[in-house]
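Chain by chain, the residues:
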Amino acid sequence: MNTESVKSLFTLFSGEECADRYAPAIALAIRETESMLLPEADSSDVRLEFLCAAIADYHVQLIKHSQDRRNVTYAGKYLSGGSGSTALAGAERLVREHMELCRELISPQGFVFRSFSGEEEI
């Protein structure tokens, strides 16, 4: 995977002007993606760079959302709504879509999203 390409895609997805500030999140996303690769997968496939950038954006949006005190109650619960939750939901959707695009290249066993259903199963 080309790290510079991942950084460029990250700036596209996140809207940030400089990816260097988020280098640890990008490095983590690259390692996560590499750990999901199937043994026979081509690690130079450009789709993996998009997946890395989407995962990095998701991590950054999650961090930003958790730091936004306007979205958190005293007990630590997230309040629904707000622009932060919209950005986080968009980042989550982007990761899911790129995982689907890479389905023949990866085995996504370790990536878990934070949301849980409040509805009872029938």
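Since we're looking at a predicted model, the values are computed, not measured.

Participant: Would you mind going over the packing of helix H1 (residues 3-14) against helix H3 (residues 46-67) with me for this structure?
Facilitator: For any two helices packed against each other, one specifies the inter-axial angle together with the distance between the axes. Close contact between H1 and H3 brings their axes to 8 Å; oriented N to C, the two are set at 50°. When the axes of H1 and H3 are compared, the pair comes out oblique. Our pair here, H1 against H3, has a crossing hand that is right-handed. Contacts from Ser 5, Val 6, Leu 9, Phe 10, Phe 13 and Ser 14 of H1 reach H3 at Glu 49, Phe 50, Cys 52, Ala 53, Ala 54, Ala 56, Asp 57, Val 60 and Gln 61. Of the residues assigned to the contact of H1 with H3, the class counts are ten nonpolar, three polar and two charged.

Participant: Help me understand the side chain of Gln 61, please; the structure alone is not making it clear to me.
Facilitator: Looking at the element boundaries, Gln 61 is found in helix H3. Using a relative accessible area of 10% as the deciding quantity, one classes Gln 61 as buried. With residues near it in sequence (within four places) discarded, Gln 61 still touches Ser 14, Ala 87, Leu 88 and Ala 91.

Participant: What exactly am I supposed to notice about the nonpolar core here?
Facilitator: If you look at soluble globular proteins, the nonpolar side chains tend to sit buried side by side. Of all hydrophobic cores here, the largest spans 29 residues; its most connected members are Phe 10, Ile 26, Leu 51 and Ile 106. When contributions to this core are tallied by element, the ones reaching two or more residues are H1, helix H2 (23-36), H3 and helix H4 (83-101). With nine residues, the top contributor of residues to this core is H3.

Reading guide: rules and limits
Residues numbered from 1 in each chain as written. Predicted model: local features only at pLDDT ≥ 70, side-chain atom pairs only at ≥ 80, totals over all residues. Heavy atoms only, no water. Axes fitted to C-alpha atoms, helices over the stretch in contact; angles between N-to-C directions. Helix = DSSP H or I, 4+ residues; strand = E, 2+ residues; numbered from the N terminus. Parallel < 35°, antiparallel > 145°, perpendicular 65-115°, else oblique. Left-handed = near helix turned anticlockwise from the far one by under 90°. Contact = heavy atoms within 4.5 Å. Nonpolar A, V, L, I, M, F, W, Y, C, P; charged D, E, K, R; others polar. Buried < 20%, exposed > 50% of the residue type's maximum accessible area, 1.4 Å probe, protein only. Core = buried A, V, L, I, M, F, W, Y, C linked by side-chain atoms within 4.5 Å.

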